[in-house]
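Summary of the model geometry
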Amino acid sequence: MRFEGRPPEPLASAPGFLLSWNGQRTAAMFARALEPLGLRPPHFGVMTLIESHPGCTQQELVTGSLIDPSSMVAIIDELETDGLAERRPHASDRRKHSVHLTARGRSTLARARKVAESTLEEIFAPLDKRERETLRKLLRKLARTED
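Heads up: these notes are all about the structure in this document. (Residues numbered from 1 in each chain as written. Predicted model: local features only at pLDDT ≥ 70, side-chain atom pairs only at ≥ 80, totals over all residues. Heavy atoms only, no water.)

1. Overview of the overall build of the chain
When its secondary structure is counted, the chain shows six helices and three strands. The principal-axis extent of the C-alpha atoms belonging to the chain is close to 55 × 35 × 35 Å. The burial tally for the chain puts 26% of its 147 residues in the buried class. Put simply, 44% of the contacts in the chain that link residues at least 6 apart link residues at least 24 apart. If you sum the accessible surface of the chain, you get close to 10,100 Å²; carbon and sulfur atoms cover 56% of it. Here the chain carries 23 positive and 20 negative side-chain charges, and the mean point of each set is 2 Å from the other. (Helix = DSSP H or I, 4+ residues; strand = E, 2+ residues; numbered from the N terminus. Buried < 20%, exposed > 50% of the residue type's maximum accessible area, 1.4 Å probe, protein only. Contact = heavy atoms within 4.5 Å. Areas by Shrake-Rupley, 256 points an atom, 1.4 Å probe, with all protein chains shown as cover. Lys, Arg positive; Asp, Glu negative; His and termini not counted. Charge placed at Lys NZ, Arg CZ, Asp CG, Glu CD.)

This is the structure we're talking about:
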């Protein structure tokens, strides 16, 4: 059985199922939207963290992203290969590297943010502004990061 378009009944009444279904749907839509930029969602997330914490270490990126250490190494390797990020010697610990976006990485991330905004507009189209804000607050509450 293929589930396209809408979640199947009676599962569509189960909040846990709906969270999972919408999460998978959103992830798939975002992945497709990033493809023309040569990025995948983990690239976008890691680049966003690097931009907000320039010079962070790979371990700090692992801690902040829920990506396992070996996958993080691969993601940063891919970003380096594509000229989007670079590892530099860490200022205070020669065993570590700090990670920075390159100029190309910053411009690619800016384009990816526009793709993310467009994708979210499509996903959230059925909700008005008030409903979107309510959903955001409720999701933060579930994540125990209330405003």
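On we go.
2. Quick word on the side chain of His100
Structurally, His100 can be placed in strand β3 (residues 97-101). A distance of 3.5 Å separates polar atoms of two side chains, one belonging to His100 and the other to Arg88. Engagement of the side chain of His100 in a polar contact is seen with the side chain of Ser98, the distance being 3.1 Å. Setting aside chain neighbours within four positions, we find His100 in contact with Ile50, Pro54, Gly55, Leu84, Ala85, Glu86 and Arg88. (Polar contact = N/O pair within 3.5 Å; in protein donor to acceptor, adjacent residues only side chain to side chain.)

3. Observations regarding helix α5 (residues 103-123)
The end-to-end C-alpha separation of α5 is 30 Å, in line with the 30 Å expected for 21 residues at 1.5 Å each. Within the sequence span of α5, burial applies to Gly105, Thr108, Leu109, Ala112, Val115, Ala116, Thr119 and Ile123. What you see down the axis of α5 is that its buried residues fit within an arc of 120 degrees, all on one side. Exposed residues lying more than 90 degrees from the buried face of α5 are Ala103, Lys114 and Glu117. The secondary structure elements touched by the buried residues of α5 are α1 (15-34), α2 (41-52) and β3. (Expected span 1.5 Å × (residues − 1). Arc of directions from axis to C-beta.)

4. So, the packing of helix α3 (residues 58-65) against helix α4 (residues 69-81)
For the pair α3 and α4, the least separation of the axes is 10 Å and the interaxial angle reads 115 degrees. Crossing geometry of α3 relative to α4 is assigned as right-handed. Residues Gln58, Leu61, Val62 and Ser65 of α3 pack against Pro69, Met72, Val73 and Ile76 of α4. By residue class, the composition of the contact of α3 with α4 is six nonpolar, two polar and no charged. (Axes fitted to C-alpha atoms, helices over the stretch in contact; angles between N-to-C directions. Left-handed = near helix turned anticlockwise from the far one by under 90°. Nonpolar A, V, L, I, M, F, W, Y, C, P; charged D, E, K, R; others polar.)

5. A look at the pairing of β3
Of all five residues that make up β3, four are buried, and the element is covered over most of its length. Across two bridges, the pairing between strand β1 (residues 56-57) and β3 is antiparallel. Opposite Thr57, over in β3, you have Ser98 as the bridge partner. Pairing of strand β2 (residues 85-89) with β3 involves five bridges; the strand directions are antiparallel. By the bridge assignment, Arg88 is partnered in β3 with Ser98. (Pairing = 2+ DSSP bridges.)

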